[in-house]
Amino acid sequence: MIQEHVDLQSLNTFGLKASARYFCHADSEPVLNEALRFAQTRDLPLLVIGGGSNLLLREDFSGVVIRMALSGIAHEVRDDDSVCVDAASGENWHDFVAHCLAQGWYGLENLALIPGSVGAAPIQNIGAYGVEAGDFIESVRVLDIATGQQQTLSREACDFGYRDSVFKRSLRGNTLILGVRFRLWRQPQPNIRYAALAESLRGKQPGPQEIFDAVCAIRRSKLPDPAELGNAGSFFKNPVISAAHYARLQQVAHDIPGFVSGDGHSVKVPAAWLIERAGWKGRSVGGAAVYERQALVIVNRDHASAQDVVTLATEIMASVRQQFGVALEPEVQWVPPFSAT
Ligand code: EPU
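In this report, the structure presented in the accompanying data block is examined. Note that this is a predicted model, so its numbers are computed, not measured. (Residues numbered from 1 in each chain as written. Predicted model: local features only at pLDDT ≥ 70, side-chain atom pairs only at ≥ 80, totals over all residues. Heavy atoms only, no water.)

## Structural notes on the overall build of the chain
Part 1 of the reasoning: If you tally the helices and strands in the chain, you get eight helices and 20 strands.
Part 2 of the reasoning: For the chain, the C-alpha radius of gyration of 20 Å lies close to 20 Å, the compact-globule estimate for 341 residues.
Part 3 of the reasoning: On the principal axes, the C-alpha backbone points of the chain span a range of 60 × 50 × 35 Å.
Part 4 of the reasoning: Here the chain holds 341 residues, and the buried ones make up 49% of them.
Part 5 of the reasoning: Counting contacts in the chain only where the partners sit at least 6 residues apart, residues at least 24 apart contribute 60% of the total.
Part 6 of the reasoning: Total accessible area on the chain stands at roughly 16200 Å², and carbon and sulfur atoms take up 47% of it. (Helix = DSSP H or I, 4+ residues; strand = E, 2+ residues; numbered from the N terminus. Rg over C-alpha atoms; globule rule 2.2 N^0.38 Å. Buried < 20%, exposed > 50% of the residue type's maximum accessible area, 1.4 Å probe, protein only. Contact = heavy atoms within 4.5 Å. Areas by Shrake-Rupley, 256 points an atom, 1.4 Å probe, with all protein chains shown as cover.)

## Topic: the packing of aromatic side chains
Part 1 of the reasoning: Here the structure, examined in full by the defined rule, presents 11 aromatic pairs.
Part 2 of the reasoning: Aromatic pair Phe136 and Trp185: ring centres 5.0 Å apart, planes at 80°, arrangement edge-to-face. With Phe136 in the loop between β9 (131–132) and β10 (137–144) and Trp185 in strand β12 (residues 175–185), the pair connects residues that are 49 residues apart, well separated along the chain.
Part 3 of the reasoning: Members of the aromatic cluster, each reached through a chain of ring pairs, are Phe14, Phe235, Phe236, Trp334 and Phe338.
Part 4 of the reasoning: Just above the ring of Phe38 sits the side chain of Arg42; from NZ or CZ to the centre is 3.8 Å. (Phe/Tyr/Trp six-rings, centres within 6.5 Å; stacked < 30°, edge-to-face > 60°. Lys NZ or Arg CZ within 6 Å of the ring centre and 35° of its normal.)

## Details of the sheet that holds strand β19 (residues 297–300)
Part 1 of the reasoning: Here four strands make up an open sheet; going across it, the order is β13-β19-β18-β17 and the pairing antiparallel. The strands lining the two open edges of the sheet, one partner per strand, are β13 (230–234) and β17 (284–285).
Part 2 of the reasoning: Of the pairings in the sheet, the one linking β13 to β19 comprises three bridges and is antiparallel in character. By the bridge assignment for β19, Gly230 is matched with Asn300. (Pairing = 2+ DSSP bridges.)

## Considering the pairing of strand β3 (residues 46–49)
Part 1 of the reasoning: Side-chain alternation along β3 places Leu47 and Ile49 on a buried face and Leu46 and Val48 on a face that remains uncovered.
Part 2 of the reasoning: Looking at chain direction, β3 and strand β5 (residues 61–68) are connected through four bridges and run parallel. Among the inter-strand pairings, Val48 is bridged to a residue of β5, identified as Ile66.

## Observations concerning the pattern of salt bridges
Part 1 of the reasoning: In the structure shown here, the tally under the stated rule is 14 salt bridges.
Part 2 of the reasoning: With its nearest N and O atoms 3.4 Å apart, the salt bridge here joins Arg141 to Glu29. Taken as a pair, Arg141 in strand β10 and Glu29 in helix α1 (residues 29–42) lie far apart in primary sequence, 112 residues in all.
Part 3 of the reasoning: Arg202 is paired through a salt bridge with Glu199; the nearest N and O atoms lie 3.2 Å apart.
Part 4 of the reasoning: Judged by relative accessible area, Arg202 falls into the exposed class, the value being 63%. (Salt bridge = Lys/Arg side-chain N within 4 Å of Asp/Glu carboxyl O.)

Structure representation (structure tokens):
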């Protein structure tokens, strides 16, 4: 089940050239365990990937790459209002959202068309159009890599935040996600609080299907399809700055958008606005470019190398820091990891 010298170009949506010394397509738990044992006995580093849609592979990987491909969806009706849906980590996220909608299990429609897999969703708590996956996750089934023990983590234990969870912090590198349990509604509860979504549905009383369609249409109009133009979605997180810092920026840039965060003392600013205002929209380094229709996305315009992407990203970060005093943080997972120093 372990392959050697496997090309990863088609397994990362950026379409960057890189290879794995060892590779395993883990479509069952025994195969997964075999790959883990293989890595452990040889003391090789592990890289676990799902859809490869949030990944910046900077070089060839000298250890074992495991592609999580566990499949299966099961459900259990809880009461008149809710249903529990268990999905294995290798299920495609968008197909899962579409499946839930078709079954009459509601809540995830705002998250339509996000690339990637179900198992990756809790890690960075994927979110779009006013909804985060963590809002609907009841628990996550995980495997401790060192001990081989399985465990179920409650939503509280996952400690979800904006593009953040325990899987990016204390459990990083030592835990594998096997499956996710969602609690979904059996009655539609449309969420159109996100301004761009409300705008596209103005004058309508949308149901879940209309929201699903509208989200797909907005995403298609703004975000490049990785099958046509390599990319990894938003390259940076939207920075959260202090209210005082935001007020200072308003003095020099009156139209700077900002969304007051929960505590009232901080403001989330669209990184896309900062990048565009710093003059980066459409600019390129080698084959990598800032997407013309959404400045938060870096695209593989023309056979980009990982170094092109890294140089472009680094220059954007330096320029936004210099012009606005704001530190952008990559949202995409860099392998080897990004380091601010
Ligand atoms: N904007 C610009 N220039 C641009 C694009 C946007 O100035 O080129 C400004 C506009 O003011 C706009 C604001 O940025 O109102 C927000 O733009 P948008 O609604 O496109 O959302 P975003 O903040 O850029 C976030 C997520 C996306 C998600 C959308 C919709 C992050 C890092 N990104 O982007 O998630 O789809 O909201 O909810 O939070 C992803 O994570 O890969 C991703 C695509």
